[in-house]
Amino acid sequence: MYQSEGRDFWDLGAQNSFMRYREVLYVLVSRNLKVRYRGSLLGVYWSLLNPLIMTSVYTLIFGTAFASYYDNSIVRYMLGAFSGLAVLNFFSSSTTQALTSIVLNGSLMNKIRLPVSIFPVSMIAANVFQFAVGALPLLMMMTLLISHSLTNVVVLFLPLLALILVASGVGLLVSALFVFFRDLSYFYELVLFLLLISSPIFYPQEIVPANVRAILVFNPLSSIIASLRQIAISGHAPDYSLIGHALLSGALTLVVGWICFKRWHHQFMDLL
Amino acid sequence: MFQAVASPVYGFVVMQTICLDRVSLWRRTQEEFSYDLKKTILSILEGKYHKPPKHLVLDRLDLAIESGRKVGIIGANGAGKSTLLKLICGILQPTSGQVRVRGRIAPLIELEAGFEPELSVLDNIILYGVLLGFSRREMQGRTPSILAFSGLEDYALVPVKSLSSGMVARLGFAIATDVQPDILILDEVLSVGDASFKRKCKQRIERFWNSNTTVLLVSHDLEFVRQECDQAIWLDRGQLKMQGSANDVVDQYLYTVRQELDLDSQEWNFGLKEVLC
């Protein structure tokens with residue numbers, strides 16, 4: 001047990017330590033973004049390049065073949081692919097950066113007392129910022145043009161919230177595991193590939209056999225992608241059961257990640 | 001929250017800044033840990049997996065340090081001196097027992113860890129200060145005095161990676177000591193920058209030394225501990241061997257070390273004779 005009194009510390013009572021956490025989070029995220037973009041905000045748009053290129057490649061190759069599943073519209077296929085890739089891109093970049101974050105800051109944590117969770121969380125937060133200035137405006141524009149409804153634009157934030165929850169949960173989990181297993185990044189690449197293949201991004205969900213589709217339900221990203229597409233591209237009013245499903249799987253992932261992190265984080269300092 | 005620790009000494013109430021109550025710490029050694037998922041899974045499948053052992057690093061330590069004391073921590077390598085400092089800073093959590101600390105701690109141990117080489121000196125001052133426990137606004141107010149003390153006014157917008165290592169060390173020292181801490185942690189005596197900066201550092205540390213700041217110093221320079229500290233703690237393989245006035249503890253420590261040396265050399269002579277005969 002450790003007790004202390006002084007402004008340096010975390011156990012000052014909930015409000016103060018929350019303020020501290022926010023301050024440290026702010027400087028870590030701004031460090032991260034400044035290093036990444038070196039003062040040029042245009043750099044943010046580099047991160048859009050990847051999903052845009054991938055979207056055009058998928059559309060060129062699969063667009064005509066799958067158009068019949070998308071009301072015979074290649075544009076609709078393209079938008080579907082883009083929204084799916086935006087989700088997956090955010091997820092994979094934020095969690096791979098979170099993965100190494102604790103180990104990379106190990107020497108710092110050996111010198112200054114800091115809450116361990118702040119490092120993976122700061123990586124997720126930096127990616128949220130990047131998403132908010134990069135892909136989000138495009139998605140919102142898309143939604144407004146297709147649905148002509150402001151409700152859809154506002155509700156769009158709910159599946160994205162679910163996405164942040166899933167990414168935080170997985171980010172906490174893998175960052176903790178990486179402390180113990182430094183070869184985890186190779187395995188995690190495989191996991192990301194499985195997620196890409198098992199999410200209905202470049203193919204319509206209908207082509208998957210029904211018994212296999214039952215397994216794909218366990219992919220926490222697929223309900224998010226389904227809900228996002230329903231709100232953004234279908235042109236119908238938001239389907240709240242889909243949103244509920246996405247938020248539920250997001251909350252569950254975060255709880256599992258957080259519990260594992262809490263259980264293991266006492267062992268970190270011996271191995272950093 | 002902190003529990004008031006006060007002990008009446010001769011009618012006065014002396015506040016204890018640091019109080020350890022039967023503190024033990026078990027740690028895994030990094031050398032014995034495989035860090036390898038593939039190997040771990042394979043060894044579990046082969047049934048050869050065994051949990052990496054833990055070692056007792058600190059053994060039921062009881063310690064009370066009153067505020068304003070200058071305490072030297074001595075002992076052989078691996079006795080747990082730096083570990084003790086980490087416990088007091090709250091970086092490590094004790095396996096059992098209780099650590100209670102009152103006041104703001106300034107750790108002066110290898111100061112460069114918090115810097116981001118790509119960012120400017122200005123950004124790094126804010127970053128490092130916030131990591132050390134200040135708010136961003138406070139750090140903005142402190143920036144001029146930190147730049148002045150470290151002599152880096154002309155480098156405010158230069159990225160830290162283009163500073164010399166001496167300049168970086170100066171910057172770290174300036175940030176960590178800009179505000180007088182309640183507890184100052186010194187792991188080994190500082191050797192920061194050139195001669196003139198060393199003098200500035202020394203003056204600043206002396207100012208803390210002469211004020212009510214509690215100082216914890218790990219050093220192998222026994223004469224320095226004897227002269228400058230008023231108390232000393234002797235750690236031996238994780239146990240508190242002795243605590244008392246710096247003079248007594250250093251004397252006893254030297255006496256024991258010499259005796260061990262004598263014993264060693266006797267055995268050595270004995271062995272040599274056997275070989276020769």
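Structure: above.
Notes on the structure follow.

A word on helix α6 (residues 135–147) of chain A
Since one α-helical turn is 3.6 residues long, residues separated by three or four positions face the same way.
Residues and elements named next belong to chain A.
Then, number 1: Given a rise of 1.5 Å per residue, 13 residues ought to cover 18 Å, and the 18 Å separating the end C-alpha atoms of α6 matches this to within 8%.
Then, number 2: Among the residues of α6, those classed as buried are Ala135, Leu139, Thr143 and Ser147. One face of α6 carries all of its buried residues, which in axial projection span an arc of 70 degrees. Exposed and facing more than 90 degrees away from the buried side of α6 are Pro137, Met141 and Leu145.
Then, number 3: For α6, the secondary structure elements touched by its buried residues are α2 (43–66), α3 (74–104), α5 (118–133), α7 (150–155) and α11 (220–232).
Then, number 4: Just downstream of α6 lies His148, where phi reads positive at about 50 degrees.

A few points about the interface of chain A and chain B
Then, number 1: If you look at the interface, chain A gives 33 residues, while chain B gives 44 residues.
Then, number 2: Element by element, the count of residues in the side of chain A that touches chain B is highest for helix α1 (residues 14–37) of chain A, at 6 residues.
Then, number 3: When grouped by side-chain class, the residues that make up the side of chain A that touches chain B number 16 nonpolar, 6 polar and 11 charged.

Quick word on the environment of Tyr37 of chain A
Then, number 1: With respect to the element layout, Tyr37 of chain A can be found in helix α1.
Then, number 2: Separated by 176 residues in sequence, Tyr37 of chain A and Arg213 of chain A place their C-alpha atoms 40 Å apart.

Re the environment of Val44 of chain A
Residues and elements named next belong to chain A.
Then, number 1: Within the fold, Val44 resides in helix α2.
Then, number 2: For the pair Val44 and Phe131, spaced 87 residues apart in sequence, the C-alpha separation works out to 8.7 Å.
Then, number 3: Apart from residues lying up to four places away in sequence, Val44 is in contact with Tyr37, Gln130, Val133 and Gly134.

So, the packing of α3 of chain A against helix α8 (residues 157–180) of chain A
Residue and element names in this part refer to chain A.
Then, number 1: One way to put it is that α3 packs onto α8 with a least axis distance of 7 Å and a crossing angle of 30 degrees. With respect to each other, α3 and α8 are oriented roughly parallel. In terms of crossing hand, the pair formed by α3 and α8 is right-handed. When α3 is examined against α8, the residues Val87, Phe90, Phe91, Ser94, Thr95, Ala98, Leu99, Thr100, Ser101, Ile102 and Val103 are found in contact with a partner set consisting of Leu163, Val166, Ala167, Val170, Gly171, Val174, Ser175, Phe178 and Val179.
Then, number 2: The residue makeup of the contact of α3 with α8, split by class, is 14 nonpolar, 6 polar and no charged.

A short note on the pairing of strand β6 (residues 105–108) of chain B
All names here are of chain B.
Then, number 1: Side-chain alternation along β6 places Ile105 and Pro107 on one buried face and Ala106 and Leu108 on a second face that is also buried.
Then, number 2: One ladder, built from 4 bridges, connects β6 with strand β7 (residues 183–187); its direction is parallel. The residue of β7 that forms the bridge with Leu108 is Leu186.

What counts as what
Residues numbered from 1 in each chain as written. Chains lettered and ligands numbered in written order. Predicted model: local features only at pLDDT ≥ 70, side-chain atom pairs only at ≥ 80, totals over all residues. Helix = DSSP H or I, 4+ residues; strand = E, 2+ residues; numbered from the N terminus. Expected span 1.5 Å × (residues − 1). Buried ≥ 20, exposed ≤ 12 C-beta atoms within 10 Å, placed from the backbone. Arc of directions from axis to C-beta. Contact = placed C-beta atoms within 7 Å. Nonpolar A, V, L, I, M, F, W, Y, C, P; charged D, E, K, R; others polar. Axes fitted to C-alpha atoms, helices over the stretch in contact; angles between N-to-C directions. Parallel < 35°, antiparallel > 145°, perpendicular 65-115°, else oblique. Left-handed = near helix turned anticlockwise from the far one by under 90°. Pairing = 2+ DSSP bridges.

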